[in-house]
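# Structural characterization, general
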Amino acid sequence: MLEKKSEFTIFPIPVLQDNIVWVWVHNCNAVVVDPSISSPVKKWLLNNNLSLKAILQTHHHEDHIGGTQELIKRWPNTKVIASIKELKRIPFQTFSVDNNDIFHLFDSEVKVIEVHGHTNNHIAFYISKENTKYNILFPGDTLFGGGCGRLLEGTPSQMFESLNKLNSLPENTKIYAAHEYTENNLKWALSLKSNDASIIKRLNIIQNKRKKGLPSLPSTIAEERKTNLFLRAKNITELTMLRRHKDNWKC
Ligand SMILES: [Zn+2]
């Protein structure tokens, strides 16, 4: 059986070099987040006898939307949920949402949080339901384990604001980011803060997981507050310097 009652049931499908397609399962139905490619996702859903109900798209990059059209050929009633401001770059969306919109999937409430920076009009999905110990965040390429997305379209001040929005979520919120970057990000963080006990401890835990072939995610807002230098940045200047340093850093 795939599902535990009351808690969220979410599985990773690692694809391409380091993307993670998250699948949220409820009864015999699934919601897929940012399907980079279709075939491993389709196979996984069919192997588990699941029917695809919705696809959440955080932003327009090909490694997030590349599999969507093939998946909706197989499950034509799937809702494709994306930003209304991205009708040109995500033209196959069927359910358009805007900042702060709230809608329902399964027995949960989903809130749209606009997080410009990595791209313009990037959105994150924050999911809550009654009687669970924690909530869920799908931040796409805005927040990673120990890091944040590159500023491909937005400004440092937009990213600073976006990270502050995510940082204001409850500390036990679980974070399901779209890339397996945590180990690399924490190594970078240690290159700047070599004595930071929280970062050292987290890197050890993550490296053990990765050696066993397990994903480093989900993390939590509490963990990121302690070990993610971008969330710890006190102002836009600090965030700008960190982003520039990370962009030029080689492991
Ligand atoms: Zn991206």
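A few points on the structure. Being a predicted model, the structure only gives us computed values, none of them experimental. Here the residue numbering is sequential within each chain, running from 1 through the sequence in written order. Owing to the predicted nature of the model, reporting of local features is limited to residues with pLDDT of at least 70; listing and counting of side-chain atom pairs is limited to 80 or more, with chain, interface and lining totals taken over all residues. The side-chain figures draw on all heavy atoms in the structure; neither hydrogens nor water molecules are used.

### Considerations on the coordination of the zinc ion
Ideal geometry at a metal centre gives angles of 109.5 degrees when four donors are arranged tetrahedrally and 90 or 180 degrees when six donors are arranged octahedrally. Selection criterion: Think of the donor list as every N, O and S atom within 2.8 Å of the metal, or within 3.2 Å for Na, K and Ca; water never makes the list, so a site can look incomplete. For a four-donor site, all angles between 85 and 135 degrees give tetrahedral; for four or six donors, opposite pairs above 155 degrees with the remaining angles between 65 and 115 give square planar or octahedral; all remaining cases count as irregular. Secondary structure elements are taken from DSSP: a helix is a run of H or I of four residues or more, a strand is a run of E of two residues or more, and numbering for both begins at the N terminus. Buried, partly exposed and exposed residues are distinguished by accessible area as a fraction of the type maximum, computed with a 1.4 Å probe on protein chains only: under 20%, between the cut-offs, and over 50%, respectively.
In the first shell of the zinc ion, the protein supplies H59 (NE2), H61 (ND1), H118 (NE2) and D141 (OD), at 2.2 to 2.3 Å from the metal. Each of the 4 donor atoms bound to the zinc ion contributes to angles spanning 91 to 171°, and the resulting shape is irregular. Sequence spacing among the residues donating to the zinc ion works out to H-x1-H-x56-H-x22-D. With a gap of 59 residues between them, H59 in the loop between strand 4 (51-56) and helix 2 (62-65) and H118 in the loop between strand 8 (108-114) and strand 9 (123-128) connect regions that are remote in the sequence. As far as burial versus exposure is concerned, H59 and H118 are alike and both buried.

### Some details on the sheet that holds strand 7 (residues 102-105)
Condition: Only when DSSP finds a minimum of two bridges between them are two strands counted as paired.
Strand order in the open sheet made by the 6 strands is 7-8-9-10-13-14, with mixed pairing throughout. In the strand order of this sheet, the two ends are held by strand 7 and strand 14 (219-220), each with one partner. Sheet topology places strand 10 (residues 136-138) next to strand 13 (residues 174-175); 2 bridges connect them, and they run parallel. Bridge pairing in strand 13 links I136 to K174.

### A look at the packing of aromatic side chains
Worth spelling out the cut-off: Centre distance within 6.5 Å is the pairing criterion for rings of Phe, Tyr and Trp, where only the six-membered ring of Trp is used; planes under 30 degrees apart are then read as stacked, over 60 as edge-to-face, and the remainder as tilted. Both a distance and an angle decide whether a charge sits over a ring: NZ of Lys or CZ of Arg must be within 6 Å of the ring centre and within 35 degrees of the ring normal.
Tallied over the full model, the rule gives 9 aromatic pairs. Judged by centre distance (6.1 Å) and plane angle (45°), the ring pair of F8 and Y134 falls under tilted. In this pair, F8 sits in the segment before strand 1 (10-15) while Y134 sits in the loop between strand 9 and strand 10, placing the two residues 126 residues apart along the sequence. Residue classification places F8 among the buried residues on the basis of a relative accessible area of 7%. With 5.0 Å between their ring centres and 80° between their planes, W24 and F106 make a pair best called edge-to-face. With W24 in strand 2 (residues 19-26) and F106 in the loop between strand 7 and strand 8, the pair connects residues that are 82 residues apart, well separated along the chain. Judged by its relative accessible area of 26%, F106 falls in the partly exposed class. Three or more aromatic residues link up through ring pairs in this structure, and these residues are F8, W24, F106 and Y134. Over the face of the ring belonging to Y134 we find K174, whose NZ or CZ atom lies 4.2 Å from the ring centre.

### Some points on unusual backbone geometry
In this structure, the amide linkage connecting L217 to the following residue, P218, adopts the cis form with an omega of 5°. Look at N49: it is not a glycine, yet its phi comes out positive at around 55°. Following the sequence through the fold, N49 ends up in the loop between helix 1 (39-47) and strand 4. One non-glycine residue, N121, lies in the positive phi region at around 65°. Structurally, N121 can be placed in the loop between strand 8 and strand 9. Here N121 falls in the buried class, since its relative accessible area comes to 16%.

### Things to note about helix 5 (residues 182-192)
This is how it is decided: Think of it as the arc spanned by the lines of direction from the helix axis to the C-beta atoms. Here, two residues are considered to be in contact whenever any of their heavy atoms come within 4.5 Å of each other.
Taken residue by residue, helix 5 has T182, N185, L186, W188 and A189 as its buried positions. Taken end-on, helix 5 shows its buried residues confined to a sector of 155°, consistent with a single buried face. Looking at the buried side of helix 5, the elements it contacts are strand 11 (143-144), strand 12 (147-148), helix 6 (197-211), helix 7 (221-227), helix 8 (229-232) and helix 9 (236-247).

### Some thoughts on the sheet that holds strand 5 (residues 79-83)
Convention followed: Lines are fitted to the C-alpha atoms to define the axes, a helix being fitted only along its stretch in contact, and any angle between axes, read from their N-to-C directions, falls within 0 to 180 degrees.
The 6 strands are arranged 1-2-3-4-5-6 in an open sheet whose pairing can be described as mixed. Edge strands, defined here as strands with exactly one partner in the open sheet, are strand 1 and strand 6 (95-97). For this sheet, the mean angle separating the axes of adjacent strands, direction not counted, is 20°. Pairing of strand 1 with strand 2 involves 6 bridges; the strand directions are antiparallel. Paired with P14 across the strands is I20, a residue of strand 2. Packing against the sheet, helix 1 makes contact with strand 1, strand 2, strand 3 (29-33) and strand 4, and its axis sits at approximately 145° to strand 1.

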